[in-house]
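Given next are the chains, with one letter for each unit.
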Amino acid sequence: MTSPPTTPAIDSHAAGNEQVQVFGRRMPYKYVVAIVYVTALFLDILDVTIVNVAIPALGVEFATENAEWIVLGYTLSLAVWIPVSGWLGDRFGTKRVFMFAFASFVAGSLLCAVAQSIGQLIAFRVVQGIGGGMLTPVGVTMLFRAFPPVERAKASTYIMIPTLLAPALGPILGGLLVTHANWRWIFLINVPIGLVGLWFGWRHLREDRSGHAGRFDLPGFVLSGLALALVVYALSEGPRKGWDTTVVLVALVVGVLAAIAMVWVETHVPQPMLALRLLGNRIFRQCNVVSLLSTMSFLGVLFVMPLYLQLFRGQDAFHSGLTTFPQAFGVLISSQFAGRLYGRIGPRRLMTFGLLAAGLVISLFIGLDEDTNLWLIRGMMFLRGLCMGFAFVPMQAASYATIAPADNGRASAIFSTQRQVGVSIGVAILASILASYMSLSRPPAPDEMADALTGYRIAFGVAVAFTFMAALAAWFIRDSDAAATMAARRSQQTDTVAAGERS
């Protein structure tokens, strides 16, 4: 199953520095890839947070008690299509698959905007999920094939822009659209931006196809889709319906059994869809563990904090979004410094420091009560983002340091699958904690306030534990494994010192 890590040749990425004509001006091709990918990823992530804000309004609009399936339908579709994305990109070409995924997402957005029933809306969200599931893995593959290993830290700072800005903007923009316009605009907003991105990508992206796609792994596709969809469903519904309900228990048990069968199949077929052998690559495996734990904490807190602000403190979605928004500024600021420090300090210390500091900041959330100053919360959210930026950039840059270019697509599929599972696990655990102390659908009554506050404090405490566990895992990463992604910075520093000595 394991194989020794191989360092990809930097020369294989020389095409990323070639100049292309864009609007009459010459631009390195790698920046064309970054523009298209960042645009698509921003819309994809923004859509998730906007829709979450609109769920109550959609439930009233369609007179349904099952409005949560608008989110679940999209999430389950993601779970099915993320694993296969690597094979599709290798087989049919990254440009073709990425453009199909982007077009599916935009078309799904338009269809959602004109849906006339809850059934239609859920079905069209599944269409969106097909595109959303493939956008990130294939997009990361394109980006890391265009940027050489020595520039992975720089490429990772571009990924941070949509990854952090979109979740922060989503609640604000969603609250404005739902309150002052119409829920259909939360989907229509994707269409004009998406069409421009599609036109730009179709005109300027180049096709890149691996010669190692192999035959389609049907058993792997079925088992991975079944396992991820059922496990994600159980983790999503467990806190709301109860972990002892038949449907949740059956979904969880069958999903786990399917996951076990998938691992056996994918390690015994010559050309698996999920190349689990890549987890034998030490730094890729370690970064996946750090990513899983940090995602459980990061997205878990982003789930709990709006509930605290809206249900416990009485804020609406718009003002809740304004309170959590400073976190995005923190990440954007620190990610710029992290990209510059990466080559000198290395991923091990940057990630460990960032996660330890973030854990200390989150521990302050345990002291929140009904009278905590909102500006203090905004300041803590900003500090949390500032700390996490120092972890996210090196994590993304170092993950693929010793992955061969031909394996980038399969590695990206594994990394994206792990993150999706991390989101589901983190939210499920923290939601279950809260659900045992309070209702997740209404503000607590006066006599329930103490119990609700206890639930919030325990949930934040568990998020702190996840973050410290991620920091511990990061400490065992070896900077030598990421040497290929650090070489450029060190070379520049050496040249600078030598020039100074000559002068």
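What you see is a predicted model; the values in this text were computed from it and never measured.

Undergrad: Summarise the overall build of the protein; cite the residues concerned and give the values.
TA: A count of helices and strands for the protein gives 17 helices and 2 strands. For a compact globule of 503 residues, the expected C-alpha radius of gyration is about 23 Å, and the protein comes in at 22 Å, within 12% of that figure. If one aligns the C-alpha atoms of the protein with their principal axes, the spans along those axes are about 75 × 50 × 50 Å. Restricting to contacts in the protein with at least 6 residues of sequence separation, those with at least 24 account for 84%.

Undergrad: Explain the confidence of the model for the protein residue by residue, including any values.
TA: In this model, the protein carries a mean pLDDT of 81, and residues with pLDDT of at least 70 account for 90%. Counted against residues more than four places away or in other chains, residues 1–13, with its pLDDT under 50, gives 32 contacts. Confidence over residues 488–503 falls short of pLDDT 50; this stretch has 6 contacts with residues more than four positions distant or in other chains.

Undergrad: Give a detailed account of the layout of surface pockets, specifying residues and quantitative values.
TA: Considering only enclosed or pocket space, the second largest pocket measures out at about 530 Å³ in volume. Every residue lining the second largest pocket is counted, 17 residues in all, and those nearest its centre are L228, M262, T417, Q418 and V421. Listing elements by their share of the lining of the second largest pocket, those giving two or more residues are α8 (218–241), α9 (246–266), α10 (282–312) and α15 (408–435). Classifying every residue of the lining of the second largest pocket gives 13 nonpolar, 3 polar and 1 charged.

Undergrad: Tell me about helix α3 (residues 94–113), and name the residues and values.
TA: If you check α3, its first and last C-alpha atoms are 28 Å apart, about what 20 residues at 1.5 Å a residue would give, namely 28 Å. Across the 20 residues that make up α3, a large majority, 14, are buried.

Undergrad: Can you lay out the nonpolar core for me, pointing to particular residues and giving the numbers?
TA: By size, the foremost hydrophobic cluster in this structure holds 133 residues, and its most contacted members are F98, L121, L143, L205, M305, F365 and Y456. Take this core: its biggest share by element is 16 residues, from helix α1 (residues 29–61). Not counting chain neighbours up to four residues away, the residues in contact with F98 comprise V36, Y37, A40, L135, V138, G139, M142 and L205. Among the nonpolar cores identified, the runner-up in size contains 10 residues, and L228, Y233, V248 and A251 belong to it.

Undergrad: With reference to specific residues and values, describe the packing of α8 against α15.
TA: Packing of α8 against α15 brings their axes to within 7 Å, and their N-to-C directions diverge by 20°. With respect to α15, the element α8 is oriented roughly parallel. The element α8 and its partner α15 pack so that their crossing is left-handed. The segment α8 lies against α15, with L228, V232, L235 and P239 engaging T417, V421, S424, I425, A428, A431, S432 and A435. For the contact of α8 with α15, the residue count by class is 9 nonpolar, 3 polar and no charged.

Undergrad: Could you give an account of the side chain of D481, naming the residues involved and the relevant values?
TA: With respect to the secondary-structure elements, D481 resides in the loop between α16 (449–475) and α17 (483–502). Among all residues touching D481, those that are not within four sequence positions of it are R282, I283, A401 and T402.

Undergrad: Can you explain the pattern of salt bridges? Please cite residues and give values.
TA: The tally for this structure, following the rule as stated, stands at 3 salt bridges. Among the salt bridges present, the one from D47 reaches R125, with a minimum N-O distance of 2.5 Å. Here D47, found in helix α1, pairs with R125, found in helix α4 (residues 118–146); they are 78 residues apart in sequence, far enough to count as distant. Given a relative accessible area of 1%, D47 falls into the buried group. R125 sits in the buried class, given a relative accessible area of 1%. Salt-bridge contacts for D90 lead to R145; the nearest nitrogen and oxygen are separated by 3.4 Å. Here the residue D90 occupies a position in helix α2 (residues 69–92), and R145 occupies one in helix α4, the gap between them amounting to 55 residues. Each member of the pair, D90 as well as R145, is classed as buried.

Undergrad: Describe the packing of α10 against helix α11 (residues 317–324), and please don't skip the residues or the numbers.
TA: Put simply, α10 and α11 touch, their axes get as near as 9 Å, and they point 130° apart. As the angle between them shows, α10 and α11 are arranged oblique. Helix-helix and strand crossings are classified by hand; for α10 and α11 the assignment is right-handed. Along its contact with α10, which presents M305, P306, L309 and Q310, the element α11 presents A317, S320, T323 and T324. Of the residues belonging to the contact of α10 with α11, the class tally is 4 nonpolar, 4 polar and no charged.

How each quantity is defined
Residues numbered from 1 in each chain as written. Predicted model: local features only at pLDDT ≥ 70, side-chain atom pairs only at ≥ 80, totals over all residues. Heavy atoms only, no water. Helix = DSSP H or I, 4+ residues; strand = E, 2+ residues; numbered from the N terminus. Rg over C-alpha atoms; globule rule 2.2 N^0.38 Å. Contact = heavy atoms within 4.5 Å. pLDDT = per-residue confidence, 0-100. 1 Å grid on protein atoms, 1.4 Å probe; cavity = no way out; pocket = protein on both sides within 12 Å on 5 of 7 lines; lining within 4 Å. Points joined across faces, edges and corners; volume = space filled by probe spheres on them. Nonpolar A, V, L, I, M, F, W, Y, C, P; charged D, E, K, R; others polar. Expected span 1.5 Å × (residues − 1). Buried < 20%, exposed > 50% of the residue type's maximum accessible area, 1.4 Å probe, protein only. Core = buried A, V, L, I, M, F, W, Y, C linked by side-chain atoms within 4.5 Å. Axes fitted to C-alpha atoms, helices over the stretch in contact; angles between N-to-C directions. Parallel < 35°, antiparallel > 145°, perpendicular 65-115°, else oblique. Left-handed = near helix turned anticlockwise from the far one by under 90°. Salt bridge = Lys/Arg side-chain N within 4 Å of Asp/Glu carboxyl O.

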